[in-house]
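Notes for the structure review
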Amino acid sequence: MTLRKRFQLYAPKAAQATEPVGLVSDFQRFSIHDGPGIRTIVFLKGCPLRCQWCQNPEDILPRPELLYIRNNCIGCGKCLEACPARCITADGPRGVAIDKAACRLPECGACQAVCYANAITICGRHLTVDEVLEEVELDREFYDRSGGGVTFSGGEPFAQPRFLLALARAAKARGLDTAVETSGSADWEAMLPVMAHLDTVLYDVKHMDPQTHRRLTGVDNARILDNLRRVDALGLPIRVRVPLVPGLNDAPENLRRTAAFVAGLSHVAALDLLPYHRMGEPKWGQLEKDYPLRGVSPHAREEVVALAALLEDSPVRVTIGG
């Protein structure tokens, strides 16, 4: 049984908790690309960036949201009957339309409770630290065998700094290997306390030019690069990750500038080129949002290999896919 079905919108423990409570969108188990070994990724909602290629658009806004998967809908009408706000109406023989402005989330959620086809799901649960780590520790045996652990991602995990700090501290107290995947777009005062409880930092660098970075993500990169220098100064192992998006940040000049910047740091284990994919595109539709990169095709494998070869003289190890 999944967390979406096990936990109510506000889990009973979370409603009474004195410890920090955070907004979690999902858990991904058996990940092998987001830190060493086999890992569980905890996705936290909320992000200050608006990357055009975002693969997790459901994690941008810091509140619970409805996702509607039209292809799952069987047209049973149960959600229309259950919705107290009457914000769901029939839309064709097998489909519904949802007036999200009238929706009573986060207090309600009645539609998901009766949607056994999983056409309507609620993204975002308020969970305690213990609830999150109880889920993470279900795969403890695999972490111990592979040198894995837990990776906090999002969204931007530092958008919930108090909850992230409590999670990282408690995870280390339980003997878990910890990693965070971050854009670095956060106040350093919020990031620094968490660093003492991390084993690895996965740090995204989207583009080296500040104006282009703002056009692609909504913010410039000054604070992001400054925070990367600060993390490096702490001596933590870092993997710098570049989401390689065709036509946006894959120009040889930008990649060389990125490699040169990374080469000036002292504790970067690798520069990971992450090829663009379209697996997140359907979620934009489920949120009733337009995907900015509709129609953009991923690089061919040969193209990615050629781009990586441009950086073969870098003193930092360059990988494809992490």
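Here goes a summary of the coordinates provided. (Residues numbered from 1 in each chain as written. Predicted model: local features only at pLDDT ≥ 70, side-chain atom pairs only at ≥ 80, totals over all residues. Heavy atoms only, no water.)

It is worth spelling out helix H10 (residues 222-233) at this point. Between the first and last C-alpha of H10 there are 17 Å, a value that for twelve residues agrees with the 16 Å anticipated at 1.5 Å per step. Regarding H10, the residues found buried are Ile224, Leu225, Asn227, Leu228, Val231 and Asp232. Buried residues of H10 fall within an arc of 160° about the axis and therefore sit on the same side. Elements that come into contact with the buried residues of H10 comprise helix H8 (188-195), strand E10 (200-204), helix H9 (210-217), strand E11 (238-244), helix H11 (252-263) and strand E12 (268-275). Downstream of H10 by a residue or two, Gly235 has a phi angle that is positive, lying close to 85°. (Helix = DSSP H or I, 4+ residues; strand = E, 2+ residues; numbered from the N terminus. Expected span 1.5 Å × (residues − 1). Buried < 20%, exposed > 50% of the residue type's maximum accessible area, 1.4 Å probe, protein only. Arc of directions from axis to C-beta. Contact = heavy atoms within 4.5 Å.)

All right, on to the side chain of Asp204 then. Examined against the element boundaries, Asp204 turns out to sit in strand E10. We classify Asp204 as buried; its relative accessible area is 11%. Side chain to side chain, Asp204 and Lys206 meet in a polar contact 3.2 Å long. Once residues lying within four places of it in the same chain are set aside, the contact partners of Asp204 are Glu181, Thr182, Ser183, Ile224 and Arg241. (Polar contact = N/O pair within 3.5 Å; in protein donor to acceptor, adjacent residues only side chain to side chain.)

Moving on to the nonpolar core. With 55 residues, the main nonpolar core has Val42, Val132, Val136, Phe152 and Tyr203 as its most contacted residues. By residue number, the principal contributor to this core is helix H7 (residues 161-173), which donates eight residues. Excluding anything up to four places from it in sequence, Tyr203 contacts Thr182, Ser183, Gly184, Met191, Ile224, Asn227, Leu228, Val231, Ile238, Arg239, Val240 and Arg241. With 16 residues, the next largest nonpolar core counts Tyr68, Ile88, Ala119 and Ile122 among its residues. (Core = buried A, V, L, I, M, F, W, Y, C linked by side-chain atoms within 4.5 Å.)

It is worth spelling out the side chain of Gln160 at this point. For Gln160, the position within the fold is in the loop between strand E8 (149-153) and H7. Relative accessible area serves as the criterion here: at 14%, Gln160 is assigned to the buried category. Within the structure, the side chain of Gln160 is placed 2.9 Å from the backbone oxygen of Lys45, a separation counted as a polar contact. Not counting chain neighbours up to four residues away, the residues in contact with Gln160 comprise Gly22, Leu23, Leu44 and Lys45.

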